[in-house]
Amino acid sequence: MKKEAFTFVRLRRKHAEEIVFWKYPEPYGLYNLDPTTDCINELIKEDYYACLDHGGKVIGFCCVGEEARVPGGYKEGIYRDARYLDVGIGMKPALTGNGLGKTFFSQVLTFLSDTYGTKRFRLVVATFNKRAIRLYRSLGFTDEKVFYSQVKEKPATFLCMIKEM
């Protein structure tokens, strides 16, 4: 896949029906979604966007606001500063680890900046995901706070990161 401009559209049912079946290898299985009607309905809320390649194929998605937050972050005060737009991303598993992350996430940030009129972003990433943390740091995100949260009934450690463009 070429490192070209992607198109962002509201995530539609057909995109969600594909995304819920994406399976990440361990230890990234934490990011696997449940292929249920409830999960599909969650993905087609207005806070989710599909990222399409030039052929219209889904290569990833992003979400903002409440949908991008990890529950344990509330107790830790992670989300108190409303100046930041919370962002979450997902890339098609077959495309991860192939050098597309920087192009993909850079374009996500540009799209969200243009769409929401902000230059301040916040994200939360599992601390074991060193590959993603390297990517986020390379794009100017800085570490804010480490905290714990339950995910799929298991405790996990997360890192909150912020960026001001």
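Relevant structure appears above.
Conventions and cut-offs
- Residues numbered from 1 in each chain as written.
- Predicted model: local features only at pLDDT ≥ 70, side-chain atom pairs only at ≥ 80, totals over all residues.
- Heavy atoms only, no water.
- Helix = DSSP H or I, 4+ residues; strand = E, 2+ residues; numbered from the N terminus.
- Rg over C-alpha atoms; globule rule 2.2 N^0.38 Å.
- Buried < 20%, exposed > 50% of the residue type's maximum accessible area, 1.4 Å probe, protein only.
- Contact = heavy atoms within 4.5 Å.
- Areas by Shrake-Rupley, 256 points an atom, 1.4 Å probe, with all protein chains shown as cover.
- Lys, Arg positive; Asp, Glu negative; His and termini not counted.
- Charge placed at Lys NZ, Arg CZ, Asp CG, Glu CD.
- Core = buried A, V, L, I, M, F, W, Y, C linked by side-chain atoms within 4.5 Å.
- Salt bridge = Lys/Arg side-chain N within 4 Å of Asp/Glu carboxyl O.
- Pairing = 2+ DSSP bridges.
- Axes fitted to C-alpha atoms, helices over the stretch in contact; angles between N-to-C directions.
- Expected span 1.5 Å × (residues − 1).

Draft legend 1. How the structure looks around the overall build of the chain. Looking only at helices and strands, one finds 5 helices and 7 strands in the chain. Scanning the chain from its N terminus toward the C terminus, one meets helices and strands in the order β-α-α-β-β-α-β-α-β-α-β-β. Here the chain has a C-alpha radius of gyration of 15 Å; the compact-globule value for 165 residues is 15 Å, and the two agree. Across the 165 residues that make up the chain, the buried fraction comes to 50%. For the chain, restricting intrachain contacts to residue pairs at least 6 apart in sequence, the fraction spanning at least 24 positions comes to 64%. Looking at the chain as shown, the accessible area adds up to about 8900 Å², and 52% of this sits on carbon and sulfur atoms. Seen as two clouds, the 26 positive and the 20 negative side-chain charges of the chain have centres 5 Å apart.

Draft legend 2. Seen up close, the nonpolar core. Residues F105, L112 and Y136 are the most contacted members of the largest nonpolar core, which totals 29 residues. Among the secondary structure elements, those contributing two or more residues to this core are β2 (48-52), β3 (58-64), β4 (85-91), α4 (101-116), β5 (120-126), α5 (130-138) and β7 (154-164). Per-element accounting of this core gives the leading share, 6 residues, to α4.

Draft legend 3. Local environment of the side chain of R122. The residue R122 is located in strand β5 in this model. Here R122 is in contact with R69, I78, Y79, D81, Y84, L85, D86, V87, C160, M161 and I162, once residues within four sequence places are set aside.

Draft legend 4. Highlighting the pattern of salt bridges. Evaluated as defined, the whole model comprises 10 salt bridges. Between E67 and K45 there is a salt bridge, with the nearest N and O atoms lying 3.5 Å from each other. With E67 in the loop between β3 and α3 (72-75) and K45 in the loop between α2 (37-43) and β2, this pair connects stretches of sequence that are 22 residues apart. One salt bridge in this structure joins R122 and D86, with 2.5 Å as the shortest N-O distance.

Draft legend 5. Quick peek at the sheet that holds strand β1 (residues 7-10). If you walk across this open sheet you meet the 7 strands as β1-β2-β3-β4-β5-β7-β6, and the pairing is mixed. Strand pairing shows two members of the sheet lacking a second neighbour, β1 and β6 (142-151), which therefore form its edges. Between one strand axis and the next, the sheet turns by 30° as a mean value, whatever way the strands run. Sheet topology places β6 next to β7; 9 bridges connect them, and they run antiparallel.

Draft legend 6. Spotlight on α4. Here α4 spans 22 Å end to end across 16 residues, near enough to the 22 Å set by a 1.5 Å rise per residue. Residues G101, T103, F104, F105, Q107, V108, L109, F111, L112 and S113 constitute the buried set of α4. Two residues or fewer after α4 comes G117, characterised by a positive phi angle close to 60°.

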